[in-house]
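Spelled out from the first residue to the last, the chains are:
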Amino acid sequence: MVHQEQLDLSTRADGDLHDLTQDIQSIVQKSNIQTGIAHIFNIGSTGAIGAIEFEPGLRQDLPETLRKLIPPSLEYKHEQTWHDGNGHSHLHATLLGPSLTVPVTQGKLELGTWQQIFHLECDVRPRQRRILVTIYGE
Ligand code: ZN
């Protein structure tokens, strides 16, 4: 069986992290799937999905680490294509990736106690995000 739903998310700019765990768990419950996988995908090239311990320190550490690795202040060739000031945003999003797959066991996401599913806004302005959640299994 396959169950698919969209989550809508309003984000602030660059570095805005959301915990999606409860919303996705609700979709798993609605699907009635007991054993399978949940696939979570950010539609768009400047947002990322992943897993992290969702606590205040790491909520700052993750965006700050990305800014150190790929500084917004550097020149990126993407500017020559679009002049939209978000070359680093695309690279942050690509580095983390747009999706995550989590096992579903006994009707629940199989996550560690300190492991939550996040969405990270990487773009330089607020966005309306669509996140597609697909539950496969039986
Ligand atoms: Zn761009």
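The shown structure was predicted, so the numbers you read here are calculated from the model rather than taken from an experiment. (Residues numbered from 1 in each chain as written. Predicted model: local features only at pLDDT ≥ 70, side-chain atom pairs only at ≥ 80, totals over all residues. Heavy atoms only, no water.)

**So, the pairing of strand β5 (residues 99–105)**
Then, number 1: Because side chains alternate across β5, one face comprises the buried residues Leu 100, Val 102 and Val 104, and the other comprises Ser 99, Thr 101, Pro 103 and Thr 105, none of which is buried.
Then, number 2: The pairing of strand β3 (residues 36–42) with β5 spans six bridges and is antiparallel. Across the sheet, the residue bridging to Ile 37 is Pro 103, located in β5.
Then, number 3: Relative to strand β6 (residues 108–109), β5 runs antiparallel, the two being bridged by two bridges. (Buried < 20%, exposed > 50% of the residue type's maximum accessible area, 1.4 Å probe, protein only. Helix = DSSP H or I, 4+ residues; strand = E, 2+ residues; numbered from the N terminus. Pairing = 2+ DSSP bridges.)

**Observations concerning the coordination of the zinc ion**
Then, number 1: Protein-derived ligands of the zinc ion are His 78 (NE2), Asp 84 (OD), Asn 86 (OD1) and His 90 (NE2), with the metal-ligand distances lying across 2.1 to 2.3 Å.
Then, number 2: Because the angles between the four donor atoms bound to the zinc ion fall within 87 to 161°, the donor set is best described as irregular.
Then, number 3: In primary sequence terms, the donor set of the zinc ion follows H-x5-D-x1-N-x3-H.
Then, number 4: Owing to a relative accessible area of 31%, Asp 84 belongs among the partly exposed residues under this scheme. (Donors = N, O, S within 2.8 Å, 3.2 Å for Na, K, Ca; no water. Tetrahedral: all angles 85-135°; square planar, octahedral: opposite > 155°, others 65-115°.)

**Remarks on the nonpolar core**
Then, number 1: Leu 20, Ile 24, Ile 40, Leu 109, Ile 117, Ile 131 and Ile 135 are the most contacted members of the largest nonpolar core, which has 18 residues in total.
Then, number 2: Counting residues per element, the ones that place at least two in this core are β1 (2–11), α1 (21–31), β3, β5 and β8 (127–137).
Then, number 3: Every residue in contact with Ile 135, bar those within four places of it in the chain, is listed here: Met 1, Val 2, His 3, Ile 27, Val 28, Ser 31, Ile 33, Ile 37, Ala 38 and Val 104.
Then, number 4: Counting ten residues, the second-largest nonpolar core is a separate cluster that includes Ala 48, Ile 52, Ala 93 and Phe 118. (Core = buried A, V, L, I, M, F, W, Y, C linked by side-chain atoms within 4.5 Å. Contact = heavy atoms within 4.5 Å.)

**Some details on the sheet that holds strand β4 (residues 47–52)**
To summarise the sheet geometry, strands pair through backbone hydrogen bonds and adopt either a parallel or an antiparallel arrangement.
Then, number 1: What the three strands build is an open sheet, ordered β2-β7-β4; its pairing is antiparallel. The open sheet terminates on both sides in strands that have one partner only, identified here as β2 (17–19) and β4. Taken pair by pair, the neighbouring strands of this sheet meet at an average axis angle of 30°, ignoring direction.
Then, number 2: Two strands pair when backbone bridges link them, and β4 and strand β7 (residues 116–121) are joined in this way by six bridges, in the antiparallel orientation. Residue Ala 51 lies in a different strand from β7, and its bridge partner there is Ile 117.
Then, number 3: Across the face of the sheet, helix α2 (residues 56–69) comes into contact with β2, β4 and β7 while running at roughly 45° to β7. (Axes fitted to C-alpha atoms, helices over the stretch in contact; angles between N-to-C directions.)

**Topic: the sheet that holds β6**
Then, number 1: In spatial order, the strands read β1-β8-β3-β5-β6; together these five strands make up an open sheet with antiparallel pairing. Every other strand in the sheet has two partners, leaving β1 and β6 as the edge strands with one partner each.
Then, number 2: In this sheet, β8 lies alongside β3 in antiparallel orientation, the contact comprising seven bridges. Of the residues in β8, the one forming a bridge with Ile 37 is Tyr 136.

None of the figures reported here should be taken as evidence of function without further support.
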